[in-house]
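Summary of structural features
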Amino acid sequence: MATQKQSRNRRLNMAERAKQQMEIQFPGHPDALLWHRKLNDGYSTIPRTLPLAMQAIDARSKGQPAGHTLLCLWIRAPDHPFLTIEAPATFAAETGFDGERAVDTWRRRMRTLRDLGFIEAKKGPTGDFHYVLLLNPNVGIEKLWRADKVQTVLYGRFRDRLIDIGAQSDITDYDDYLEDRKKAEAKVATKAPKAAKRPAASADASTKTAYFSPSWTAFQVDGGRDFNVVVDGVSV
């Protein structure tokens, strides 16, 4: 399995190779007509498997495809998985919805993304999707596959792509997370029966009162003769 450093070196080699091939196939092409991430402003960092995630999402939301909605979220993200949606109408328009019900349509797509496990959301000033957390799409596809909700051909392309980009560790990390959570839940479950077996205090134990009659001082003076101990009004 390729390490992060090896994957980085591989990406650099791919970029250099692309540059050399461009000089052969498109020699002298004006730079003003090209877009370079390191030269032009306004770029976004997105997972390379996102197109496959979009296909998996659209296959599960036929008639109301939500894959493009996820793409727009990633494009808008500030190089971080958390984003605040201050203007839902803007997101709806960029996703391709217009008209009076554009935002409502967009929100339905967002619910689909949430239900399929590609985002989490919390309510805020602009509605149910004011705060959005973008989840790892690689884990999202894997979860759909394990739930038998992804076609075999698409999943095969997905796993091949993970090998190409050196991201197979995303799946192993997810498995480790599941295992750790399982152990934590088992630990909590073993403690619960022990707590249940602890004897409960008597319901009336704290309400009982005891005293000497006629008094404790007189009891001490008289050496305990002709005195009674009274518990809840009963002489013992």
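Structure: above.
Values in this document were obtained by computation on a predicted structure and should not be read as measured data. (Residues numbered from 1 in each chain as written. Predicted model: local features only at pLDDT ≥ 70, side-chain atom pairs only at ≥ 80, totals over all residues. Heavy atoms only, no water.)

Description of the overall build of the protein chain
The secondary structure content of the protein chain amounts to 9 helices and 6 strands. Looking at the protein chain as a whole, 26% of its 236 residues qualify as buried. A separation threshold of at least 6 residues defines the contact pool for the protein chain, and within that pool the share at least 24 residues apart is 48%. Counting only carbon and sulfur atoms, one obtains 53% of the accessible surface of the protein chain, whose full area is about 16500 Å². (Helix = DSSP H or I, 4+ residues; strand = E, 2+ residues; numbered from the N terminus. Buried < 20%, exposed > 50% of the residue type's maximum accessible area, 1.4 Å probe, protein only. Contact = heavy atoms within 4.5 Å. Areas by Shrake-Rupley, 256 points an atom, 1.4 Å probe, with all protein chains shown as cover.)

What to know about the pairing of strand E3 (residues 127–134)
Note on strand geometry: in a regular strand, side chains alternate between the two faces of the sheet. Strand direction decides the pairing type here: strand E1 (residues 82–84) and E3, joined by 3 bridges, are antiparallel. Across the sheet, residue Leu-83 finds its bridge partner in E3, namely Val-132. One ladder, built from 5 bridges, connects strand E2 (residues 119–124) with E3; its direction is antiparallel. Bridged to Glu-120 within E3 is Leu-133. (Pairing = 2+ DSSP bridges.)

A closer look at the nonpolar core
With 36 residues, the main nonpolar core has Leu-70, Leu-73, Met-110, Ile-119 and Leu-134 as its most contacted residues. Those elements that place two or more of their residues in this core are helix H2 (50–60), helix H3 (67–76), helix H4 (88–95), helix H5 (102–116), E3, helix H6 (137–146) and helix H7 (152–165). Tallying contributions element by element places H2 first for this core, with 6 residues. (Core = buried A, V, L, I, M, F, W, Y, C linked by side-chain atoms within 4.5 Å.)

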